[in-house]
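Report on the structure
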Amino acid sequence: AIALNSFMMHATRFVGPALAGWVVATTWQMTIIATLIVLLAALLWLGFKAMPADPLGLLAGIFLLAMLGFAIGTIFCIVVSLFAEAEKLVAMFMRPLVWISCVYHPLAVVPQEYRHLLLWNPLVHALELIRNSWIANYPQAGASWFYLSACTLVSLALALSGYRLFHQRLVSSS
């Protein structure tokens, strides 16, 4: 977000890296919610039973996932602006993160003796809670709203404090 909007940051003093990041995060979240609404309307129109079991839980899960993504993205952006070589490490980090985040498989299919390892990942909690909010009888495999909220708050605190510490470097590096 910082690199893409660097022309705006140099054109006016009111647009900074934080504003660019918030705009990107808000745009992504609104796009996800609009897509869900259109998809839900299309499925209902076609006669499918597509209503989420817990709509408020679904929105809370999407919001926490988006805020966690914003925080992690901001942390990565700060690290890459401080160390240019870290961009390669971030790319190498993202692929295994997808595999251990239960994006492609639910946590319920992971053997019981290995679940505790995956439950350290807050993205697993977010995805499982979103699935649990959408599907009425979804098997609860240990995901926690408290753990997801705590990880999101800690990540946001780290991201915003890192932004506060390295604000000038972020503006000058973009």
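Described in the following lines is the structure provided in the data block. The structure displayed is predicted, hence computed values, not measured ones. (Residues numbered from 1 in each chain as written. Predicted model: local features only at pLDDT ≥ 70, side-chain atom pairs only at ≥ 80, totals over all residues. Heavy atoms only, no water.)

1. A word on the nonpolar core
- One finds Leu64, Leu68, Leu97, Leu123, Ala126, Leu129, Ala143 and Leu148 forming the largest nonpolar core, which totals eight residues.
- Taken together, the elements giving at least two residues each to this core come down to α3 (55–82) and α6 (122–134).
- Considering every element that reaches this core, the biggest residue donor is α6, with three residues.
- Membership of the second largest hydrophobic core comes to seven residues, among which are Cys102, Val110, Leu118 and Ala141. (Core = buried A, V, L, I, M, F, W, Y, C linked by side-chain atoms within 4.5 Å. Buried < 20%, exposed > 50% of the residue type's maximum accessible area, 1.4 Å probe, protein only. Helix = DSSP H or I, 4+ residues; strand = E, 2+ residues; numbered from the N terminus.)

2. Let's talk about helix α4 (residues 86–99)
- Spanning 14 residues, α4 covers 21 Å between terminal C-alpha atoms, matching the ideal 20 Å at 1.5 Å per step.
- Within α4 the residues assigned to the buried category are Ala86, Val90 and Leu97. On an axial view of α4, the arc spanned by its buried residues comes to 45°, and they lie on one face. For α4, the exposed residues lying more than 90 degrees away from the buried face are Lys88, Ala91, Met92, Arg95 and Trp99. (Expected span 1.5 Å × (residues − 1). Arc of directions from axis to C-beta.)

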